[in-house]
Amino acid sequence: MKILIPEDTRNELYDFLNSIAGSNILFVGGTGLIGRWFLECFDTINIALSGVDVTVTGRSRPNWLKNTYGSIRVRFEKLDLQEPRQVLAVLRKISTYNQIWFFAAPAARETFAGVSGFSKYKMALASASFLMDCVDRVSPDIIVLASSGIAVSSKNEVAEKPCGAPDLFGTEESLAHGKRVLERACWELSHQFDLSVSVVRIFSCYGPYLPTDLHYAFGNFIGNAFRGEDIIVNSDGQSKRSYIYASDLITMLCLEILRQLKDTSAKGTFNVVNLGSEVSISIAELADLIGSFSPDKRVSVRVLGAVNQSAGNRVRANYVPDMSFSKELGIYRNRVAINEGIASLFS
């Protein structure tokens, strides 16, 4: 299954790769879904200049990870941030990286299997410690931290600033406060080492390889429709979400990195920016839309009206980002309409 990449998007990705030619990037947690999307977006993009070296870390090397993606050369390094021996081994042989991208997070499958809040917070602390030790050994030009809108509490569209803090002692806020630990660690690094830092809060996204057997409504609905099963919405379906397609998400990420690198006044700048879509849709509407693409026209949607639930995290009635700041920075992209994106998942 190929990622849809519109021509304008391909041109921007080419410019990004050309601009960072010769870079050596440490991509912590790059074996996740977003890491895969990033690498595969560049699989057919080649530049005349020297390529880009990316060291991808993860707890194990996935079968899909190749050694090259277009002009990107990939090296894998085994790293479990909660295994002290592995952390020490990686830190001892760490190379000179001019960019550090930190995308490590609890695996979605573990989260939805009921991993404890203690484990989520423990991983955040281990991640922050590793990141600070990395920067102490390497002098990168930029740090990119993948966070999410769950780090803030908002009843309306989630903006970067001002942002409400989740309940400090809420039983379902461990992941949220873990995100805040990492965001604060990056703020400290920015000020201590005069580093450019971009915290990218990634909202709901979709594309190839999205799991269809977890707690993600989008993925579950796709799986139901593809298998010809009725789509069941357990809640009342009124919660609002928005979904950004894979190539648009990756483009926004690249544009934010490039903006920081090109801005000569950005050194020492700490920036928090939302990456997502501003186009909201209710869960019930999403179910109807996905159901309409099912090859089996007998598929129906049933809304059960039960109380909203979320696996170990805060229930969010309105998880839609405010994209005003991204627009102000000139990095907002939403080229692949949701109808087109969904259709591609069935092709």
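Residues numbered from 1 in each chain as written. Predicted model: local features only at pLDDT ≥ 70, side-chain atom pairs only at ≥ 80, totals over all residues. Heavy atoms only, no water.

Student: Lay out the sheet that holds strand S12 (residues 270-275) in plain terms, naming residues and giving numbers.
Tutor: Strand order in the open sheet formed by eight strands is S3-S4-S2-S1-S5-S6-S7-S12, with mixed pairing between adjacent strands. Of all the strands in the sheet, the pair left with one neighbour each is strand S3 (68-69) and S12. As paired strands, strand S6 (residues 142-148) and strand S7 (residues 196-202) are joined by seven bridges and run parallel to one another. Opposite isoleucine 143, over in S7, you have valine 197 as the bridge partner. Of the strands in this sheet, strand S1 (24-28), strand S5 (99-102) and S6 are in contact with helix H5 (residues 117-137), which crosses S5 at around 175°. Packed on one face of the sheet, helix H6 (residues 174-193) meets S5, S6, S7 and S12 and runs near 160° to S6. (Pairing = 2+ DSSP bridges. Helix = DSSP H or I, 4+ residues; strand = E, 2+ residues; numbered from the N terminus. Contact = heavy atoms within 4.5 Å. Axes fitted to C-alpha atoms, helices over the stretch in contact; angles between N-to-C directions.)

Student: Requested: an account of H5, with residues and values cited.
Tutor: Residues lying three or four places apart along an α-helix face the same way, a consequence of the helix completing one turn every 3.6 residues. An ideal rise of 1.5 Å per residue puts 30 Å on 21 residues; H5 measures up with 31 Å between its terminal C-alpha atoms. Turning to H5, its buried residues are Lys120, Met123, Ala124, Ser127, Ala128, Phe130, Leu131, Cys134 and Val135. (Expected span 1.5 Å × (residues − 1). Buried < 20%, exposed > 50% of the residue type's maximum accessible area, 1.4 Å probe, protein only.)

Student: Give a description of the packing of helix H7 (residues 217-227) against helix H9 (residues 283-291) that names residues and reports values.
Tutor: Between H7 and H9, whose axes approach to 9 Å, the crossing angle comes to 30°. The angle between H7 and H9 places the two elements in the roughly parallel class. In terms of crossing hand, the pair formed by H7 and H9 is right-handed. Counting all contacts with H7, which are made through Ala217, Phe218, Phe221, Ile222 and Ala225, the residues of H9 involved are Ile283, Leu286, Ala287 and Ile290. The class makeup of the residues in the contact of H7 with H9 is nine nonpolar, no polar and no charged. (Parallel < 35°, antiparallel > 145°, perpendicular 65-115°, else oblique. Left-handed = near helix turned anticlockwise from the far one by under 90°. Nonpolar A, V, L, I, M, F, W, Y, C, P; charged D, E, K, R; others polar.)

Student: Tell me about the pattern of salt bridges, residues and numbers included.
Tutor: Here the structure, examined in full by the defined rule, presents 13 salt bridges. A salt bridge links arginine 75 to glutamate 77, with the shortest nitrogen-to-oxygen separation between them at 2.8 Å. Between arginine 298 and aspartate 296 there is a salt bridge, and its shortest N-O distance comes to 3.0 Å. One network of salt bridges, in which partners are shared, links Glu12, Arg333 and Arg335. (Salt bridge = Lys/Arg side-chain N within 4 Å of Asp/Glu carboxyl O.)

Student: A description of the confidence of the model for the protein chain should follow, citing residues and the corresponding values.
Tutor: With 92% of its residues at a pLDDT of 70 or more, the protein chain has an overall mean of 90. Summarising per-element confidence for the protein chain, the mean pLDDT is lowest in helix H4 (residues 108-112) (62) and highest in strand S11 (residues 244-245) (98). (pLDDT = per-residue confidence, 0-100.)

Student: Before we move on, can you summarise the environment of methionine 323 with the specific residues and values?
Tutor: Position of methionine 323 relative to the elements: it lies in the loop between strand S15 (318-319) and helix H10 (324-329). Classification of methionine 323 as buried rests on a relative accessible area of 1%. Linking methionine 323 and valine 74, residues 249 residues apart in sequence, is a C-alpha distance of 32 Å. Setting aside anything within four residues of it in sequence, one finds methionine 323 in contact with Met252, Asn274, Leu275, Gly276, Ser277, Glu278 and Tyr332.

Student: Summarise the nonpolar core; cite the residues concerned and give the values.
Tutor: Most often, soluble globular proteins have nonpolar side chains that are buried together. Judged by nonpolar contacts, the single largest core of 69 residues is most densely connected at Phe38, Phe42, Ile72, Phe218 and Ile290. Here this core gets nine residues from one element, more than from any other, and that element is helix H8 (residues 246-262). Apart from residues lying up to four places away in sequence, phenylalanine 42 is in contact with Leu13, Phe16, Leu17, Tyr69, Gly70, Ile72, Ile250 and Cys254. Met123, Cys134, Leu182 and Leu195 belong to the second largest nonpolar core, which has 30 residues in total. (Core = buried A, V, L, I, M, F, W, Y, C linked by side-chain atoms within 4.5 Å.)

Student: Can you explain the sheet that holds S15? Please cite residues and give values.
Tutor: Spatially, the three strands line up as an open sheet ordered S13-S10-S15, and their pairing is mixed. Of all strands in the sheet, those bounded by a partner on one side alone are strand S13 (280-282) and S15. Relative to S13, H9 is tilted by about 85°, and along the sheet it contacts strand S10 (240-242) and S13.

Student: Could you give an account of the pairing of S5, with specific residues and numbers?
Tutor: Along a regular strand, successive side chains alternate from one face of the sheet to the other. Side chains Gln99 and Trp101 of S5 all project onto a buried face; the interleaved residues Ile100 and Phe102 project onto the opposite face, where all are buried too. Of the strand pairs in this sheet, S5 and S6 are connected by four bridges, and their pairing is parallel. Looking at the pairing, phenylalanine 102 lines up with leucine 145 of S6.

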